[in-house]
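# Structure at a glance
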Amino acid sequence: MKKIKVNLDKKSSASHDICIGHDILDRMGLIIAKNHPASRYIVITDSNVSAIHGESLLNKLKGIGLSADMIEFPAGEASKNISTVLGVVERMLRIGADRSSTLLALGGGVVGDITGMIASLYMRSLPYIQIPTTLMAQVDSSIGGKTAIDLPEGKNLLGTFHQPRGIFIDLKLLETLSDNEFNNGLMEVIKYGIIEDAGFFRFLEENMGKIRKRHDDVLEKIVESSCKIKKGIVEIDEKEQGLRRVLNFGHTIGHALEAASGYGISHGEAVAMGTVTAVRISERLHDLPAEDVVRIEHLIKAAGLPGRIPQTVATEEILSRLKMDKKKRGDTVHFVLLKKIGMPFINGGVQEQALRDAVEEMKR
Ligand SMILES: NC(=O)c1ccc[n+]([C@@H]2O[C@H](COP(=O)([O-])OP(=O)(O)OC[C@H]3O[C@@H](n4cnc5c(N)ncnc54)[C@H](O)[C@@H]3O)[C@@H](O)[C@H]2O)c1
(Lines give C-alpha, C1' and ligand atoms only; values in the text may rest on other atoms or scores of the structure.)
Protein backbone atom coordinates (compact mmCIF):
# COMPACT_ATOMS: atom_id res chain seq x y z
CA MET A 1 0.00 0.00 0.00
CA LYS A 2 1.41 3.39 -1.01
CA LYS A 3 1.05 6.43 1.23
CA ILE A 4 0.93 10.07 0.14
CA LYS A 5 0.90 12.74 2.84
CA VAL A 6 -1.37 15.76 2.39
CA ASN A 7 0.41 18.49 4.39
CA LEU A 8 -1.93 21.25 5.44
CA ASP A 9 0.41 22.76 7.94
CA LYS A 10 -1.54 25.88 8.84
CA LYS A 11 -3.88 23.58 10.74
CA SER A 12 -1.79 20.49 11.37
CA SER A 13 -4.78 18.41 12.53
CA ALA A 14 -6.14 18.74 8.99
CA SER A 15 -3.09 16.97 7.50
CA HIS A 16 -3.77 13.37 6.55
CA ASP A 17 -2.66 10.44 4.40
CA ILE A 18 -3.92 9.13 1.09
CA CYS A 19 -3.41 5.33 1.06
CA ILE A 20 -3.48 3.63 -2.35
CA GLY A 21 -3.50 -0.10 -2.96
CA HIS A 22 -5.25 -3.06 -4.55
CA ASP A 23 -7.75 -5.06 -2.49
CA ILE A 24 -7.00 -3.18 0.73
CA LEU A 25 -10.37 -3.19 2.52
CA ASP A 26 -9.18 -5.70 5.19
CA ARG A 27 -6.04 -3.75 6.02
CA MET A 28 -7.96 -0.49 5.83
CA GLY A 29 -10.35 -1.66 8.59
CA LEU A 30 -7.39 -2.38 10.88
CA ILE A 31 -5.71 0.97 10.13
CA ILE A 32 -8.97 2.82 10.77
CA ALA A 33 -9.44 0.99 14.09
CA LYS A 34 -5.86 1.81 15.14
CA ASN A 35 -5.37 5.35 13.81
CA HIS A 36 -8.91 6.73 13.81
CA PRO A 37 -10.60 5.33 16.91
CA ALA A 38 -14.32 6.09 17.22
CA SER A 39 -17.20 4.83 19.33
CA ARG A 40 -19.16 4.11 16.15
CA TYR A 41 -18.48 4.09 12.40
CA ILE A 42 -21.24 5.00 10.00
CA VAL A 43 -20.78 4.07 6.35
CA ILE A 44 -22.62 6.57 4.13
CA THR A 45 -23.14 5.29 0.62
CA ASP A 46 -25.55 5.28 -2.33
CA SER A 47 -28.03 2.66 -3.49
CA ASN A 48 -25.68 1.22 -6.16
CA VAL A 49 -22.50 1.03 -4.10
CA SER A 50 -24.31 -0.26 -1.02
CA ALA A 51 -25.16 -3.53 -2.76
CA ILE A 52 -21.82 -3.98 -4.57
CA HIS A 53 -19.30 -2.96 -1.88
CA GLY A 54 -21.16 -1.56 1.15
CA GLU A 55 -22.28 -4.82 2.77
CA SER A 56 -18.80 -6.30 2.45
CA LEU A 57 -17.16 -3.24 4.04
CA LEU A 58 -19.72 -3.27 6.85
CA ASN A 59 -19.05 -6.96 7.54
CA LYS A 60 -15.29 -6.40 7.56
CA LEU A 61 -15.63 -3.58 10.11
CA LYS A 62 -17.93 -5.65 12.30
CA GLY A 63 -15.61 -8.64 11.85
CA ILE A 64 -12.79 -6.82 13.62
CA GLY A 65 -15.07 -5.84 16.48
CA LEU A 66 -16.00 -2.30 15.46
CA SER A 67 -19.47 -0.87 15.98
CA ALA A 68 -20.65 -0.08 12.45
CA ASP A 69 -23.85 0.96 10.66
CA MET A 70 -24.66 1.87 7.08
CA ILE A 71 -26.93 4.60 5.69
CA GLU A 72 -27.71 4.77 1.97
CA PHE A 73 -29.53 7.19 -0.31
CA PRO A 74 -30.56 6.90 -3.97
CA ALA A 75 -27.59 7.02 -6.38
CA GLY A 76 -27.08 9.98 -8.69
CA GLU A 77 -26.50 13.73 -8.82
CA ALA A 78 -30.23 14.33 -8.24
CA SER A 79 -29.67 13.21 -4.63
CA LYS A 80 -27.08 15.89 -3.96
CA ASN A 81 -29.57 18.16 -2.22
CA ILE A 82 -30.71 19.37 1.17
CA SER A 83 -33.46 16.74 1.60
CA THR A 84 -30.88 13.94 1.25
CA VAL A 85 -28.71 15.69 3.85
CA LEU A 86 -31.66 16.00 6.25
CA GLY A 87 -32.72 12.38 5.60
CA VAL A 88 -29.23 11.05 6.42
CA VAL A 89 -28.97 13.30 9.50
CA GLU A 90 -32.31 12.02 10.78
CA ARG A 91 -31.10 8.44 10.47
CA MET A 92 -27.82 9.34 12.21
CA LEU A 93 -29.80 10.78 15.11
CA ARG A 94 -31.88 7.60 15.33
CA ILE A 95 -28.74 5.43 15.36
CA GLY A 96 -27.35 7.61 18.16
CA ALA A 97 -24.43 9.19 16.27
CA ASP A 98 -22.54 11.84 18.21
CA ARG A 99 -19.20 13.64 17.97
CA SER A 100 -17.34 10.48 18.96
CA SER A 101 -18.64 8.81 15.79
CA THR A 102 -16.76 8.77 12.47
CA LEU A 103 -18.39 8.80 9.03
CA LEU A 104 -17.00 6.69 6.18
CA ALA A 105 -17.89 8.07 2.74
CA LEU A 106 -18.05 4.98 0.50
CA GLY A 107 -18.92 6.01 -3.06
CA GLY A 108 -18.34 8.47 -5.87
CA GLY A 109 -18.16 12.24 -5.68
CA VAL A 110 -21.83 12.58 -4.77
CA VAL A 111 -21.43 10.43 -1.65
CA GLY A 112 -18.12 12.14 -0.78
CA ASP A 113 -19.50 15.67 -1.13
CA ILE A 114 -22.66 14.93 0.88
CA THR A 115 -20.86 12.98 3.61
CA GLY A 116 -18.20 15.70 3.94
CA MET A 117 -20.88 18.34 4.26
CA ILE A 118 -22.78 16.38 6.92
CA ALA A 119 -19.51 15.73 8.77
CA SER A 120 -18.77 19.45 8.84
CA LEU A 121 -22.23 20.35 10.18
CA TYR A 122 -23.52 17.49 12.33
CA MET A 123 -23.25 18.53 15.98
CA ARG A 124 -20.81 21.24 14.87
CA SER A 125 -18.61 18.70 13.05
CA LEU A 126 -17.28 15.20 13.38
CA PRO A 127 -14.50 13.28 11.59
CA TYR A 128 -14.94 11.54 8.27
CA ILE A 129 -12.86 9.31 6.04
CA GLN A 130 -13.08 9.10 2.27
CA ILE A 131 -13.25 5.67 0.58
CA PRO A 132 -13.77 6.73 -3.05
CA THR A 133 -15.19 4.14 -5.44
CA THR A 134 -15.25 5.95 -8.81
CA LEU A 135 -12.16 6.99 -10.77
CA MET A 136 -13.42 10.59 -10.56
CA ALA A 137 -13.58 10.39 -6.76
CA GLN A 138 -10.23 8.56 -6.45
CA VAL A 139 -8.31 11.13 -8.49
CA ASP A 140 -10.24 14.28 -7.67
CA SER A 141 -13.28 14.77 -5.45
CA SER A 142 -12.08 12.84 -2.37
CA ILE A 143 -9.00 15.07 -2.12
CA GLY A 144 -9.09 18.67 -0.93
CA GLY A 145 -11.92 18.83 1.59
CA LYS A 146 -14.47 20.64 -0.58
CA THR A 147 -18.00 19.59 0.35
CA ALA A 148 -21.25 20.70 -1.28
CA ILE A 149 -24.80 20.12 -2.31
CA ASP A 150 -26.67 21.52 -5.31
CA LEU A 151 -29.46 24.11 -5.22
CA PRO A 152 -32.16 24.61 -7.87
CA GLU A 153 -30.11 27.65 -9.00
CA GLY A 154 -26.97 25.62 -9.69
CA LYS A 155 -24.43 22.99 -8.74
CA ASN A 156 -22.34 23.02 -5.54
CA LEU A 157 -23.80 26.33 -4.36
CA LEU A 158 -24.04 25.33 -0.68
CA GLY A 159 -20.98 23.83 0.92
CA THR A 160 -18.01 23.99 3.25
CA PHE A 161 -14.32 23.17 3.45
CA HIS A 162 -13.82 20.23 5.80
CA GLN A 163 -10.80 17.97 5.40
CA PRO A 164 -11.20 14.19 5.78
CA ARG A 165 -9.06 12.40 8.39
CA GLY A 166 -7.85 9.97 5.76
CA ILE A 167 -8.43 8.80 2.19
CA PHE A 168 -8.29 5.09 1.32
CA ILE A 169 -8.15 4.30 -2.38
CA ASP A 170 -8.77 0.66 -3.27
CA LEU A 171 -8.16 0.20 -7.01
CA LYS A 172 -10.04 -3.11 -6.94
CA LEU A 173 -13.29 -1.20 -6.33
CA LEU A 174 -12.97 0.23 -9.86
CA GLU A 175 -13.52 -3.23 -11.41
CA THR A 176 -17.30 -2.83 -11.08
CA LEU A 177 -17.40 0.68 -12.55
CA SER A 178 -19.09 1.13 -15.95
CA ASP A 179 -16.99 2.29 -18.92
CA ASN A 180 -18.89 5.58 -19.04
CA GLU A 181 -18.13 6.37 -15.40
CA PHE A 182 -14.52 5.26 -15.86
CA ASN A 183 -14.15 7.63 -18.83
CA ASN A 184 -15.67 10.48 -16.79
CA GLY A 185 -12.82 10.04 -14.32
CA LEU A 186 -10.26 9.78 -17.13
CA MET A 187 -11.10 13.33 -18.17
CA GLU A 188 -9.89 14.61 -14.77
CA VAL A 189 -6.70 12.53 -15.16
CA ILE A 190 -6.09 14.10 -18.59
CA LYS A 191 -6.75 17.54 -17.07
CA TYR A 192 -3.87 17.02 -14.61
CA GLY A 193 -1.52 16.28 -17.50
CA ILE A 194 -2.72 19.39 -19.35
CA ILE A 195 -2.44 21.82 -16.44
CA GLU A 196 0.52 20.51 -14.50
CA ASP A 197 2.76 17.87 -15.98
CA ALA A 198 3.76 17.53 -19.64
CA GLY A 199 5.61 14.26 -18.82
CA PHE A 200 2.44 12.75 -17.35
CA PHE A 201 0.52 13.93 -20.42
CA ARG A 202 3.04 12.05 -22.61
CA PHE A 203 2.61 8.93 -20.42
CA LEU A 204 -1.17 9.11 -20.98
CA GLU A 205 -0.66 9.42 -24.75
CA GLU A 206 1.59 6.36 -24.77
CA ASN A 207 -0.58 4.18 -22.52
CA MET A 208 -4.22 5.12 -23.21
CA GLY A 209 -4.98 1.64 -24.64
CA LYS A 210 -3.78 -0.13 -21.47
CA ILE A 211 -5.44 2.46 -19.25
CA ARG A 212 -8.83 1.87 -20.87
CA LYS A 213 -8.35 -1.88 -20.34
CA ARG A 214 -7.71 -1.01 -16.66
CA HIS A 215 -4.36 -2.83 -16.37
CA ASP A 216 -3.33 -2.76 -12.69
CA ASP A 217 0.10 -1.17 -13.20
CA VAL A 218 -1.07 1.77 -15.32
CA LEU A 219 -4.14 2.27 -13.14
CA GLU A 220 -1.96 2.60 -10.07
CA LYS A 221 0.37 5.01 -11.88
CA ILE A 222 -2.42 7.32 -13.10
CA VAL A 223 -4.24 7.37 -9.74
CA GLU A 224 -1.04 7.97 -7.79
CA SER A 225 0.21 10.71 -10.14
CA SER A 226 -3.19 12.42 -10.16
CA CYS A 227 -3.43 12.34 -6.35
CA LYS A 228 0.06 13.84 -6.08
CA ILE A 229 -0.79 16.66 -8.48
CA LYS A 230 -4.10 17.47 -6.80
CA LYS A 231 -2.72 17.33 -3.28
CA GLY A 232 0.23 19.52 -4.31
CA ILE A 233 -2.17 22.20 -5.53
CA VAL A 234 -4.42 21.88 -2.45
CA GLU A 235 -1.41 22.20 -0.13
CA ILE A 236 -0.53 25.56 -1.68
CA ASP A 237 -4.09 26.89 -1.90
CA GLU A 238 -6.46 24.93 0.34
CA LYS A 239 -9.36 27.41 0.14
CA GLU A 240 -9.22 28.13 -3.62
CA GLN A 241 -8.01 31.72 -3.34
CA GLY A 242 -5.78 31.49 -6.40
CA LEU A 243 -3.77 28.54 -7.75
CA ARG A 244 -6.46 25.93 -6.97
CA ARG A 245 -8.65 27.61 -9.59
CA VAL A 246 -6.50 26.02 -12.30
CA LEU A 247 -8.24 22.75 -11.41
CA ASN A 248 -11.32 24.27 -13.06
CA PHE A 249 -9.65 24.02 -16.48
CA GLY A 250 -12.37 22.98 -18.96
CA HIS A 251 -14.98 23.08 -16.19
CA THR A 252 -16.38 26.60 -16.66
CA ILE A 253 -17.74 25.82 -20.13
CA GLY A 254 -18.23 22.18 -19.05
CA HIS A 255 -20.62 23.12 -16.23
CA ALA A 256 -22.53 25.49 -18.54
CA LEU A 257 -22.88 22.69 -21.11
CA GLU A 258 -24.05 20.19 -18.49
CA ALA A 259 -26.74 22.61 -17.30
CA ALA A 260 -27.71 23.75 -20.81
CA SER A 261 -28.27 20.11 -21.82
CA GLY A 262 -30.51 19.56 -18.78
CA TYR A 263 -27.77 17.26 -17.43
CA GLY A 264 -28.27 14.97 -20.45
CA ILE A 265 -24.51 15.26 -21.09
CA SER A 266 -22.41 13.56 -18.41
CA HIS A 267 -19.90 15.55 -16.36
CA GLY A 268 -16.86 13.94 -18.00
CA GLU A 269 -18.24 14.47 -21.51
CA ALA A 270 -19.10 18.08 -20.72
CA VAL A 271 -15.61 18.74 -19.32
CA ALA A 272 -14.09 17.12 -22.42
CA MET A 273 -16.07 19.51 -24.65
CA GLY A 274 -15.26 22.41 -22.30
CA THR A 275 -11.57 21.51 -22.43
CA VAL A 276 -11.42 21.43 -26.21
CA THR A 277 -13.27 24.77 -26.34
CA ALA A 278 -10.87 26.33 -23.78
CA VAL A 279 -7.96 24.96 -25.80
CA ARG A 280 -9.28 26.54 -29.01
CA ILE A 281 -9.77 29.88 -27.21
CA SER A 282 -6.20 29.60 -25.87
CA GLU A 283 -4.91 28.99 -29.39
CA ARG A 284 -6.81 31.92 -30.82
CA LEU A 285 -6.20 34.49 -28.09
CA HIS A 286 -2.97 33.37 -26.42
CA ASP A 287 -0.96 31.52 -29.07
CA LEU A 288 -1.23 28.02 -27.62
CA PRO A 289 0.87 26.03 -30.16
CA ALA A 290 -1.21 24.22 -32.80
CA GLU A 291 0.69 21.01 -32.01
CA ASP A 292 -0.56 21.11 -28.39
CA VAL A 293 -4.13 21.64 -29.61
CA VAL A 294 -3.88 18.52 -31.81
CA ARG A 295 -2.31 16.41 -29.03
CA ILE A 296 -5.00 17.36 -26.49
CA GLU A 297 -7.82 16.69 -28.97
CA HIS A 298 -6.29 13.30 -29.90
CA LEU A 299 -5.88 12.22 -26.27
CA ILE A 300 -9.47 13.15 -25.41
CA LYS A 301 -10.69 11.15 -28.40
CA ALA A 302 -8.44 8.20 -27.48
CA ALA A 303 -10.02 8.21 -24.00
CA GLY A 304 -13.45 7.68 -25.61
CA LEU A 305 -14.57 11.22 -24.80
CA PRO A 306 -16.24 13.68 -27.20
CA GLY A 307 -14.36 16.55 -28.79
CA ARG A 308 -17.34 18.36 -30.24
CA ILE A 309 -20.44 20.08 -28.80
CA PRO A 310 -23.75 18.56 -30.04
CA GLN A 311 -25.83 20.81 -32.34
CA THR A 312 -28.83 20.13 -30.09
CA VAL A 313 -27.42 22.28 -27.25
CA ALA A 314 -28.27 25.91 -28.04
CA THR A 315 -25.27 28.27 -28.07
CA GLU A 316 -27.28 31.07 -26.41
CA GLU A 317 -28.29 28.69 -23.60
CA ILE A 318 -24.63 27.83 -22.97
CA LEU A 319 -23.69 31.53 -22.94
CA SER A 320 -26.50 32.42 -20.56
CA ARG A 321 -25.43 29.59 -18.20
CA LEU A 322 -21.90 30.92 -18.36
CA LYS A 323 -23.16 34.30 -17.24
CA MET A 324 -24.85 32.70 -14.25
CA ASP A 325 -21.67 30.88 -13.35
CA LYS A 326 -20.79 31.48 -9.75
CA LYS A 327 -17.22 32.31 -10.74
CA LYS A 328 -18.51 35.39 -12.52
CA ARG A 329 -16.95 38.64 -11.31
CA GLY A 330 -18.43 41.90 -12.61
CA ASP A 331 -19.20 41.54 -16.29
CA THR A 332 -16.54 39.00 -17.18
CA VAL A 333 -16.40 35.22 -16.87
CA HIS A 334 -13.03 34.08 -15.51
CA PHE A 335 -11.41 31.31 -17.52
CA VAL A 336 -8.50 29.01 -17.01
CA LEU A 337 -6.60 29.03 -20.31
CA LEU A 338 -3.37 27.46 -21.51
CA LYS A 339 -0.02 28.84 -22.72
CA LYS A 340 1.28 25.34 -23.47
CA ILE A 341 0.75 21.83 -22.09
CA GLY A 342 1.67 22.01 -18.40
CA MET A 343 1.33 25.81 -18.23
CA PRO A 344 -2.16 27.16 -17.43
CA PHE A 345 -3.10 30.70 -16.42
CA ILE A 346 -6.22 32.45 -15.18
CA ASN A 347 -7.66 34.89 -17.68
CA GLY A 348 -9.43 38.01 -16.43
CA GLY A 349 -12.24 37.50 -18.92
CA VAL A 350 -13.05 36.37 -22.44
CA GLN A 351 -15.30 38.61 -24.55
CA GLU A 352 -18.76 37.18 -25.18
CA GLN A 353 -18.25 37.23 -28.95
CA ALA A 354 -15.02 35.21 -28.68
CA LEU A 355 -16.89 32.67 -26.54
CA ARG A 356 -19.78 32.51 -29.01
CA ASP A 357 -17.35 31.98 -31.91
CA ALA A 358 -15.50 29.21 -30.05
CA VAL A 359 -18.72 27.39 -29.09
CA GLU A 360 -20.03 27.66 -32.67
CA GLU A 361 -16.72 26.33 -34.01
CA MET A 362 -16.96 23.35 -31.65
CA LYS A 363 -20.36 22.47 -33.09
CA ARG A 364 -19.08 22.08 -36.66
N1 LIG B 1 -15.43 17.98 -3.81
C2 LIG B 1 -14.73 18.14 -4.91
O3 LIG B 1 -13.62 18.67 -4.89
C4 LIG B 1 -15.29 17.63 -6.21
C5 LIG B 1 -14.46 17.56 -7.34
C6 LIG B 1 -14.99 17.02 -8.51
C7 LIG B 1 -16.31 16.58 -8.55
N8 LIG B 1 -17.09 16.69 -7.44
C9 LIG B 1 -18.46 16.20 -7.45
O10 LIG B 1 -18.44 14.80 -7.67
C11 LIG B 1 -19.69 14.41 -8.25
C12 LIG B 1 -19.42 13.43 -9.37
O13 LIG B 1 -18.78 12.30 -8.84
P14 LIG B 1 -18.83 10.90 -9.58
O15 LIG B 1 -18.49 11.11 -11.00
O16 LIG B 1 -18.06 9.95 -8.79
O17 LIG B 1 -20.40 10.57 -9.60
P18 LIG B 1 -21.34 9.66 -8.65
O19 LIG B 1 -20.94 9.77 -7.24
O20 LIG B 1 -22.72 10.01 -9.01
O21 LIG B 1 -21.00 8.18 -9.15
C22 LIG B 1 -21.33 7.83 -10.48
C23 LIG B 1 -22.14 6.53 -10.55
O24 LIG B 1 -21.27 5.44 -10.31
C25 LIG B 1 -21.84 4.58 -9.32
N26 LIG B 1 -20.70 3.93 -8.65
C27 LIG B 1 -19.85 4.47 -7.77
N28 LIG B 1 -18.85 3.63 -7.49
C29 LIG B 1 -19.09 2.50 -8.19
C30 LIG B 1 -18.40 1.27 -8.33
N31 LIG B 1 -17.22 1.03 -7.72
N32 LIG B 1 -18.94 0.32 -9.14
C33 LIG B 1 -20.09 0.57 -9.79
N34 LIG B 1 -20.77 1.72 -9.72
C35 LIG B 1 -20.28 2.69 -8.93
C36 LIG B 1 -22.66 5.49 -8.46
O37 LIG B 1 -23.65 4.79 -7.76
C38 LIG B 1 -23.24 6.44 -9.50
O39 LIG B 1 -24.37 5.85 -10.10
C40 LIG B 1 -20.37 15.69 -8.70
O41 LIG B 1 -21.43 15.96 -7.83
C42 LIG B 1 -19.29 16.75 -8.58
O43 LIG B 1 -19.81 18.04 -8.28
C44 LIG B 1 -16.59 17.19 -6.28
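Before reading on, note that the structure itself is shown above.
Report on the accompanying structure. (Residues numbered from 1 in each chain as written. Predicted model: local features only at pLDDT ≥ 70, side-chain atom pairs only at ≥ 80, totals over all residues. Heavy atoms only, no water.)

## Notes on the packing of aromatic side chains
The final tally for this structure, using the stated rule, is zero aromatic pairs. Residue placement shows Lys221 over the ring face of Phe203; its charged tip is 5.1 Å from the ring centre. (Phe/Tyr/Trp six-rings, centres within 6.5 Å; stacked < 30°, edge-to-face > 60°. Lys NZ or Arg CZ within 6 Å of the ring centre and 35° of its normal.)

## Some remarks on the pairing of strand E10 (residues 335–340)
As paired elements, E10 and strand E11 (residues 343–347) share five bridges and run antiparallel to each other. Counterpart to Phe335 in the pairing with E11 is Asn347. In this antiparallel pair of consecutive strands, E10 and E11, the connection spans two residues, and Gly342 shows a positive phi of 95 degrees. (Pairing = 2+ DSSP bridges. Helix = DSSP H or I, 4+ residues; strand = E, 2+ residues; numbered from the N terminus.)

## A look at a nonpolar patch on the surface
On the surface, a nonpolar cluster with roughly 390 Å² of combined accessible area is contributed by Ile82, Leu86, Leu151, Leu157 and Leu158. The set of elements that each furnish at least two residues to the nonpolar patch consists of helix H3 (82–95) and strand E8 (154–161). Within the fold, Leu157 resides in strand E8. (Patch = residues over 30% accessible without salt bridge, like charges linked within 9 Å, V, L, I, M, F, W, Y side chains within 5 Å. Areas by Shrake-Rupley, 256 points an atom, 1.4 Å probe, with all protein chains shown as cover. Salt bridge = Lys/Arg side-chain N within 4 Å of Asp/Glu carboxyl O.)

## Let's talk about unusual backbone geometry
Of note, Arg214 is a non-glycine position whose phi angle comes to about 60 degrees, a positive value. Inspection of the secondary structure puts Arg214 in the loop between helix H7 (198–212) and helix H8 (216–236). Here Tyr263, not a glycine, exhibits a phi torsion of approximately 60 degrees, which is positive. Summarising the element assignment, Tyr263 is placed in the loop between helix H9 (251–260) and helix H10 (267–286).

## Describing the nonpolar core
In a soluble, globular protein the nonpolar side chains are often hidden away together inside. Counting residues in each nonpolar core, the largest one holds 75 residues, and the members touching the most others are Ile18, Ile190, Leu204, Ile222, Val223 and Leu257. Each of two domains, domain 1 (2–176) and domain 2 (190–363), supplies a minimum of three residues to this core. In this structure Ile222 touches Leu186, Val189, Phe200, Phe203, Leu204 and Ile211, once residues within four positions along its chain are discounted. Core analysis: the second largest hydrophobic core is formed by 21 residues, Ile42, Val89, Leu103 and Ile114 among them. (Core = buried A, V, L, I, M, F, W, Y, C linked by side-chain atoms within 4.5 Å. Buried < 20%, exposed > 50% of the residue type's maximum accessible area, 1.4 Å probe, protein only. Domains from an automatic or database assignment. Contact = heavy atoms within 4.5 Å.)

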